[in-house]
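# Survey of secondary and tertiary structure
These are the residues of each chain, in order.
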Amino acid sequence: MIRYVGKRLLLAVVVVLLVTVATFVLLHLLPGGPARGILGVKATQEQIDAFNHSAGFDQPLPVQYWDYLLRLLHGDLGESYSMNTDVTTLLGERLPKTLVLTATSTLLAIVVALPLGVWQAVRRGGVLDHLGTGIAFVLYATPVFFLSLLLIILFSQALPWFPAQAAQGDTLGELLSQPGSLVLPVLAGAGATVAAFSRYMRASTLDNLTEDYVRTARAKGTPERVILWRHVWPNSLTSVVAMLGYYVPVIFGGSLVVESMFNYPGVGLLFWNAARNADYPVLLGVVLVIAIATVAGALLADLVQLLIDPRIRRAGAHDHA
Amino acid sequence: MTTLDPTISLAPAPERRHRGTLSAFLGHRTAVAGGILLLLVLAFCFLGPLLYGSDQVHTNLQAARLAPGAGHPLGTDDLGYDVLGRLMVAGRTSLIVGVVAGLIATAIGAIWGALAGYAGGWADAVLMRIVDTGVAIPALFLLLVAATLVTPSVWVLAVIIGCVSWLVPARLMRAETVTLKERDYVKAISVLGAGRLRIVFRHLIPNAIGTLMVNLTFQIADAILLVAYVSFLGLGVPPPTTDWGAMLSKGITYTYDGAWWLILPPGIAIVLVVCAINFLGDGLRDAFAVRGRR
Amino acid sequence: MSVLSIENLRVTYGDSPAVDNLSLTVGKGEIVALVGESGSGKSTAALAVLGLLPGNAKVTGSIELAGQDVLGLRGEALRRVRGKGAGMVFQEPMTALNPLRTIGFQLAEAIRNHDEQPKRLKHYRDRCAELLDRVGVPEPRRRLDQYPHQLSGGLRQRVMIAIALAAGPELIIADEPTTALDVTVQQQILDLLRDIREHEGTGTLLITHNMGVVADLADRVLVLRQGRVVEEAATTKLFEHPEADYTKQLLAAVPLLGTASHSEPEPADAVLSLTDVVVTYGGRRVVDSVSLHVGAGEIVGLVGESGSGKTTLGNCALGLVKPKSGGVRVFGEPLNGKARRHIGAVFQDPASSLDPRMTVAQTIAEPLVVHTRQGRRERLRRVRELLDAVELPESLLHRYGHELSGGQRQRVSLARAVVLGPKLLVADEPTSALDVSVQATVLDVLARLHEEFGFGCLFISHDLAVVDRVCDRVAVLSGGRVVEQGPCEQVLRTPEHEYTRALLLASPVPDPARQRERRLARAV
Amino acid sequence: AGAREQHGGGGQNEVPGGTVRFALPPSATPNWILPISYPGYTASYNSAIQSTMYVPLYAYDGTSGAVAMDEQASAAEPPVYSADGRTVTIRLKPLTWSTGTPVTTRDVEFWFNLVRAGKDDWGAYTSGLIPDNVTAFHAVDEHTFTLTLDKTYNNDWFTANQLTYVIPLPHQEWGDGDADRTPEGAKRIFDHLVAEAKNLGTYASNPLWKVVDGPFALRNFTANGAVSLVKNPRYTGEDPARLDGVDFLTFTSSAAEYNVLRAGGVDYGYLPTSNLGQQPELEAQGYTIEPWNGWSITYIPYNFNNPALGKAFSQLYVRQAIQHAVDQQAISSVIWRGTASPGYGPVPQDNDPQYLSDRQKTNPYPFDLDAARNLLASHGWRPGSDGVLTCEGDCGEGVARGTRLEMTLLTESGSDETDGTMQELKSELARIGIELNINSQPLNTVLATGTTCKPEEPSCSWQLSYFGTQGSWYFPAYPSGEQLFTTDASVNFGGYTDAVTDQLVSASTQANAAQTMLDYSARLAEQLPVIWMPNPPYQVSAIDSALHGVSQDPLAGLQPQRWFWTKEVAR
Ligand SMILES: Nc1ncnc2c1ncn2[C@@H]1O[C@H](COP(=O)(O)OP(=O)(O)OP(=O)(O)O)[C@@H](O)[C@H]1O
Ligand SMILES: Nc1ncnc2c1ncn2[C@@H]1O[C@H](COP(=O)(O)OP(=O)(O)OP(=O)(O)O)[C@@H](O)[C@H]1O
Ligand SMILES: [Mg+2]
Ligand SMILES: [Mg+2]
């Protein structure tokens, strides 16, 4: 088991490195470089050259990458070109916010969607199953920006229940001091996720309901409720958990829109602005964080599966790439 | 030595898979409804302009932002384009990009996943680490880079989105391949010395077609949403081409003006089509899932 | 007094009846066997007894269990009958147990479900350990904390039986309780069931298609065909004087050990020679310096229990597994592309041996496509010839694999294997998934093809009787080693190795009298 | 223009104190506090905030109704130029630093020393201009000094475009004795200050930034850009703050800002033009809606060096035809909903009574598709099978036969108004046989791509570029064209060259003849070095109706010290 975890960690590092290489190469495909955008229309050619020199852009790409890696090893993610702050600070400030947002909405999605999926599976083919499916699909099909706007109009303006923006302020404490202000962003973030998760859970539960062990449990006189929650539920969960790990980038993608709609300065928006301003250090920093989060998510999902499922716990060494 | 009369041989009744698939699909009412709806939308987008002509090439600022009324059943937008006609041409973009991107993603993913799964060992590890890497890089970033390098025409956008979203089918196909390659028929044919490509293309991919088809529908739906998203971020197709996502994201800035005709038509169109495709996929899944039919 | 009485039971899925007008009683302490081929409705009948049929089944008639009419029961009342009125043992012990729950949990739950005052599961620990002990599970306390995957198939099946016994039912329904097990383990389970009958006095409804098992265990037999009872009789009587034609055919199709006669094999060049082959998985020697030769035109059987390495060895011969050491020579050379042209393979599972996306014609023609430049027409001609050789009608030519029966599929696989006129055929349990009657046809076809093409054949099976019938020579594999090899005459009649003897004794023969003798022999 | 100014002056019932919540532009975060601008940190809101804390030598703004010197907000009396124009004498007003020490000539010298030493790192540096063109600094007394210039300059230009950069800095607190009088010492101090300014997290606590001489002082400054100013109680000038403080709010998008605005969470915000239809509702809610015009022009440069079309662009008649196809009125009134104003030449069309020539004012090339068609047709352009004009005759020097008028416009993405404008342009050009392909990219990419180039370079493939969603070019107070349209000017991206223009521009900065600016305006309105486009507002503001004293400065500055409430705000 330790070997298994070790191997997974090693692979994770490989993937993260690959991500930095890919990002680095892609960044340098962008035309022109960041100088003009950062320095503005009024910058002179000398200023631009000086900027490029100080940022190391006049070096060959492999050298630049190597320097980047060296700095990374020292925990130095570089300085934002446009924000006058080092990337570590920026991430340190915004990452917790995004985590709060995404974690809450994912948690909400899980809490709502998984039981919903089970319930739909049990009532398969019934009116409520169809209704659930319909709602799930409509939620899934509604672009996040549209959903956000609808939520604001409905629950902030027509019915002034919640503020239209998240609590401002630099610290998590300030943010959390007004939990009401998180309601709409969290709902907007959870919409599509609820839909997707409930579908997965429904399918997984349906599969498990036809398993032989369910028949065995019935044959020994186990009440249906017990069968559902103590037998089927953990089994269906294993397959859904595997998928959750890879959902990190998707959730992150949605958070960009939510952040921009609800005035929630998080990593998603940081990333988007950095991408448009070619603020390489920030971009690389965020991509790195997301890559680590994704890999960690997958790893976590594997570990959770390892905990739920005794078969993997022992076999362990299996490679499921 | 006795041989039983073959007519009384009681081997398990053959599963009637094909016929079963169609009838299972047709029995899935929502799936059929989804299919019909999709056909209607296709007709609307591709045949509609033949019946309902409107200038979707030139702006007409004199007739901008007209509320629905005579001449413009759904009003006009901020550049004077007729919204109903615009909905048709925008739908073409969304649908073409969705379908082409879905096909591309599924094709790349299927081949990649099948090769990885069948090769196993090192090749598998390398190919799948590449997939993991792709998953971990935000698609948005890839889109941004791509959109900066090439001007996104409808087809270019389709290719870009396809190339960004092949990862899921690749994983799916690999998983499928790993189980399929243990099937005896694959073993039997590889014992004979059939080449890898033959096995991948003649045996593995065709047998995963059910999974791939289902995934394809979801890919299409996702691609349509992704187009909307990309347009919202301003990376979409250049004007005067447009798509539902662009119409919607532009329209919602007029929300407070009460210009519902700029918001609801594209919004509903997206939701409707994505739902229809999902229902279709759901039906297909049930139709292909032999197990679920028991 | 009967613990179960079924009258005029009729079950239909859709519009075809799966069980038609079945009447049956099981008395206290009686073992009633329900036999018949696959699809004859055995399981359906068994499931009906506990109301476990899927929603699309329509049931009429009456089933009286423990004094209640099961068909009238719903919800809580039905739940109470399940496990208490009758305990159930299913065929596949791996999937029948929840992989995520400990044995203790699953066993305790079975007790608790029928406890008047349900307590927390851990209170039932002692009782669980007792039960496990009863069904012969060693170290019962330790097992309680283990998961199904940590037990062998035999132990799992014992756990299933313990679960069935947990609530103290009057009746045990065992649906093919031994089909997935090795012969030696099968014998132990059968002994256990008999023991339980003797000591607890429960009635048993035994479902099987193995006539040997019936002969070993049952008091009374019902032969089912297409949902209908074709014959019902006491066991001895049935085997001595079967009345229905169908029963006769069924009995005749069962291969019997020691009935085949073998001609001396002619010495020939080896088409396959394995010398000191070693295969390891993760350091474990799965095949341990095995040497084995198959001469041209010779059929060599490979027998042994599950996990003994038969398939692995076969895969070595086919080049699907690379041995760690030792030599694999085909036609006197190391395996190479040219040699592959002359190798054919047939595998166990008919369901997966044909590509579901290919027609019969395409399947049989595939080796021709890979290895020859023959034109379409020529290929078709060849395919027709082979279809003929495996005795399939031409009308099947354009069917898909799934539109065939299991026996037909295996014959198509055979045709594919021999289409290039191989010199070596490796057959890995080609008939073990088939019914006896179907098995008989396939084996006949194999024999005929062998006559026609004269290939050397490595025939893997766990059924000694089948090997005896088909092979010239046999090698017995145990734990990855060949413990004995030689002509069938010799190895299967006068075995030298103890393991071979045990195997032979454990294979049930469809003859109640001989089974009794053998039982006594084992007991000594 | 600047019309909100003097909203009733003191006539209203002023409620002293209170704070104002001011919305910063979307995604904008103030990130520089040192009043010496630094490359990359030159956004207008940085200097707007700085100038409330550090009083510049001369402030120019639009509070008087036109762009002009704001004496009240300046640290010195108007400069006095010598007759030969080579010497300027300046007298400081009696301001004091918040530490109590007075602002003296030494503080001005300190600025010169630092900027001279660190000019390569100074964001506003242009070789040959300030501080290079000041050859000597001479302190007459505590409050009076003279500057010696390297040559004669137009006085207006020099005051407005050069002296405005000068900001007295607290020598006592920031300096190190007379160390700044040596270049090494000055460089060391400059680097030290820059290093401190790069530490944004410490702005609110660093004692350096507590020393101010302006009407406001810093209270809070977070990495997220949320800045709070408080009234500086030790301010001794003539322009004290009437509010207690100003809070600058940051927003992730204009949609987010608007939602908050509607909820009443902003006192001085803005709205996307698409929401202008909401004006009545917002007014009912107590906001006044008012576009904030910039001291700017907006245009699309032609790339005269483009190998495919550069020669065609060089033909005046081609540029005239294209300009005739731009329906500025419609774009301004429909797409910008009346908030943008048509622009016909190189000086700001609004706010300007002084530099705008009649030629530019009256639009030499009004929207007229027939005129455009005729111009092209009469020079040998004929429509091809797809309707796109192809050169089939003598189309002018260097224009090859077979040249097609198909061009690509690189444009800034992210704005519906810009997208609409470009579509409209495409549509009108199509009507005269010119095919315009639109390539939208992030502003950064547009700027990085559409730069000065030589025809043989691959980077010269761009043809037209637009970066004017908020105006292409913001002028300093004096709207001359030395950076824009002279032959080697740094921002002359398209490589426009015209000897007459060069001469007019240098005259406008060096001679004291007002006429040169007018000539320059007329010349370029006719010559069309770029496509003149409607000039969008800096923003469309929504201001709480009880907030008075606001003037929307075309130079994008803020004078929050003059704002005051006429209602109680409890915050
Ligand atoms: N859920 C179901 N839906 C439809 N038909 C079914 C279902 N279950 C079984 N059948 C059909 O009913 C018939 C009897 O099936 P059953 O499982 O009882 O046979 P069996 O005798 O147990 O066979 P085996 O030996 O293969 O287990 C078969 O033809 C089978 O295909
Ligand atoms: N790919 C593999 N990885 C690890 N162990 C394996 C693998 N394949 C087989 N084994 C192990 O090797 C041993 C021999 O397996 P093999 O399949 O050859 O047995 P067998 O005699 O064919 O059994 P059966 O009758 O069940 O088919 C078993 O213990 C099995 O668990
Ligand atoms: Mg059965
Ligand atoms: Mg095997």
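The rules behind each value
- Along each chain, residues carry numbers from 1 onward, in the same order as the chain's sequence is written.
- Each chain is given a letter, starting from A, and each ligand a number, starting from 1, according to the order in which they appear as written.
- In view of the model being predicted, local features appear only for residues whose pLDDT reaches at least 70, and side-chain atom pairs are presented and counted only at 80 or more, with totals across whole chains, interfaces and linings using the full set of residues.
- To obtain the side-chain values, all non-hydrogen atoms of the structure were included, while hydrogens and water were left out.
- UniProt positions are given in the numbering used here, feature names are shortened, and annotations may be inferred rather than shown by experiment.
- Residues are labelled near a given molecule or strand when at least one of their non-hydrogen atoms is within 4 Å of it.
- Any N or O atom pair separated by 3.5 Å or less is treated as a polar contact, with the protein-specific requirement of one donor-capable and one acceptor-capable atom, and with residues adjacent in sequence counted only for side-chain atom pairs.
- Methods summary: accessible areas were calculated by the Shrake-Rupley approach with a probe of 1.4 Å, and residue burial reflects only the protein chains presented.
- A run of DSSP states H or I qualifies as a helix once it reaches four residues; a run of E qualifies as a strand once it reaches two. Both are numbered from the N-terminal end.
- Three classes are used, and their members are as follows: Ala, Val, Leu, Ile, Met, Phe, Trp, Tyr, Cys and Pro are nonpolar, Asp, Glu, Lys and Arg are charged, and the others, Gly among them, are polar.
- The contact criterion used is simple: two residues touch if any of their non-hydrogen atoms lie within 4.5 Å.
- Put simply, buried area is the surface a 1.4 Å probe can reach on two separate parts but cannot reach once they are joined, added for both.
- The working definition used for a salt bridge is a side-chain nitrogen of Lys or Arg within 4 Å of a carboxyl oxygen of Asp or Glu.
- The criterion for a disulfide is a pair of cysteine sulfur atoms lying within 2.5 Å.
- Three exposure classes are used, based on accessible area relative to the maximum for each residue type with a 1.4 Å probe and protein chains only: buried under 20%, partly exposed in between, and exposed over 50%.
- A pair of strands is considered paired only if DSSP assigns at least 2 bridges between the two.

- By the naming in an unreviewed UniProt entry, chain B goes by Peptide/nickel transport system permease protein and is assigned to Amycolatopsis sacchari.
- The record in UniProt for chain B states the following under Sequence similarities (unreviewed entry): "Belongs to the binding-protein-dependent transport system permease family."

### Details of the site of ligand 1
Residue and element names in this part refer to chain C.
- Close to ligand 1 lie 13 residues; Ser38, Gly39, Lys42, Ser43 and Thr44 are nearest.
- Lys42 places a side-chain nitrogen or oxygen 2.9 Å from an oxygen atom of ligand 1.
- Coverage of ligand 1 by the protein chains reaches 65% of its 630 Å² of free accessible surface.
- Of the residues forming the shell around ligand 1, the biggest block, 3 residues, is contributed by helix H1 (residues 42-49).
- Each residue belonging to the shell around ligand 1 can be placed in one class, and the counts come to 3 nonpolar, 7 polar and 3 charged.

### Regarding the interface of chain A and chain C
- Each side of the interface is counted separately: chain A has 23 residues, and chain C has 29 residues.
- Summed over both sides, the interface between chain A and chain C buries roughly 2200 Å², with carbon and sulfur atoms accounting for 57% of that surface.
- Between Lys220 of chain A and Glu109 of chain C there is a salt bridge, with the nearest N and O atoms lying 3.4 Å from each other.
- For the pair chain A and chain C, the interface holds 14 residue pairs in polar contact (both at pLDDT 80 or more).
- Elements that contribute at least two residues to the side of chain A that touches chain C include exactly helix H10 (212-219), helix H11 (224-245) and helix H15 (310-315) of chain A.
- A class-by-class count of the residues in the side of chain A that touches chain C yields 7 nonpolar, 6 polar and 10 charged.

### A few points about the state of the cysteines
All names here are of chain D.
- Summed over the entire model, instances satisfying the criterion amount to 2 disulfides over all chains.
- The residue that forms a disulfide with Cys391 is Cys395, at a sulfur-sulfur distance of 2.1 Å. Across the S-S bond linking Cys391 and Cys395, the dihedral sits near 105°, which makes this disulfide right-handed.
- On the accessibility criterion, Cys391 (2% relative accessible area) is buried.
- Across a sulfur-sulfur distance of 1.9 Å, Cys453 and Cys460 are joined as a disulfide pair. Disulfide Cys453-Cys460: torsion about the S-S bond near 75°, hence right-handed. The two residues Cys453 and Cys460 agree in class, both being buried.

### Considering the pairing of strand S9 (residues 227-231) of chain D
Residue and element names in this part refer to chain D.
- Here strand S8 (residues 216-221) pairs with S9 via 5 bridges, running antiparallel. Each residue of the ladder has a partner; that of Phe216, found in S9, is Lys231.
- Counting the residues in the hairpin turn of S8 and S9 gives 5 residues, including Gly225, whose phi is positive at 95°.
- Strand direction decides the pairing type here: S9 and strand S10 (residues 245-251), joined by 4 bridges, are antiparallel. From the neighbouring strand, Val230 faces S10, where its bridge partner is Gly245.

### Describing the interface of chain B and chain A
- Contact residues are listed per partner, giving 44 residues for chain B and 50 residues for chain A.
- Summed over both partners, the interface of chain B with chain A buries about 4200 Å², with 73% contributed by carbon and sulfur atoms.
- Viewed at the interface, chain A and chain B are joined by 1 residue pair in polar contact (both at pLDDT 80 or more).
- The element contributing the most residues to the side of chain B that touches chain A is helix H13 (residues 260-288) of chain B, with 10 residues.
- Of the residues that constitute the side of chain B that touches chain A, the class distribution is 26 nonpolar, 9 polar and 9 charged.

### Here we look at the site of ligand 2
Residue and element names in this part refer to chain C.
- Lining the immediate surroundings of ligand 2 are Tyr281, Arg284, Val286, Glu305, Ser306, Gly307, Ser308, Gly309, Lys310, Thr311, Thr312 and Glu429.
- The contact in question runs from an oxygen atom of ligand 2 to an N or O atom on the side chain of Lys310, over 2.8 Å.
- Contact distances for ligand 2 include 2.4 Å between an oxygen atom and a side-chain N or O atom of Thr312.
- About the coverage of ligand 2: the protein hides 60% of its 640 Å² of free accessible area.
- Breaking the shell around ligand 2 down by element, the ones donating at least two residues are strand S12 (284-295) and helix H12 (310-318).
- The greatest single-element share of the shell around ligand 2, amounting to 3 residues, is contributed by H12.
- Broken down by class, the residue content of the shell around ligand 2 amounts to 2 nonpolar, 6 polar and 4 charged.

### What about the UniProt feature "transmembrane region" (unreviewed entry) in chain B?
Residues and elements named next belong to chain B.
- In the numbering adopted here, UniProt assigns the feature "transmembrane region" (unreviewed entry) to residues 31-52, 95-115, 135-168, 212-238 and 258-281.
- As annotated, residues 31-52 comprises 91% helix and 0% strand, and the C-alpha atoms at either end are separated by 29 Å.
- Between the end C-alpha atoms of residues 95-115 there is a gap of 30 Å, over a span that is 100% helix and 0% strand.

### A look at the UniProt feature "domain: ABC transmembrane type-1" (unreviewed entry) in chain B
- Here, the residues flagged by UniProt with the feature "domain: ABC transmembrane type-1" (unreviewed entry) are residues 91-281 of chain B.
- Structurally, residues 91-281 of chain B comprises 81% helix and 0% strand, and the distance from its first C-alpha atom to its last is 20 Å.

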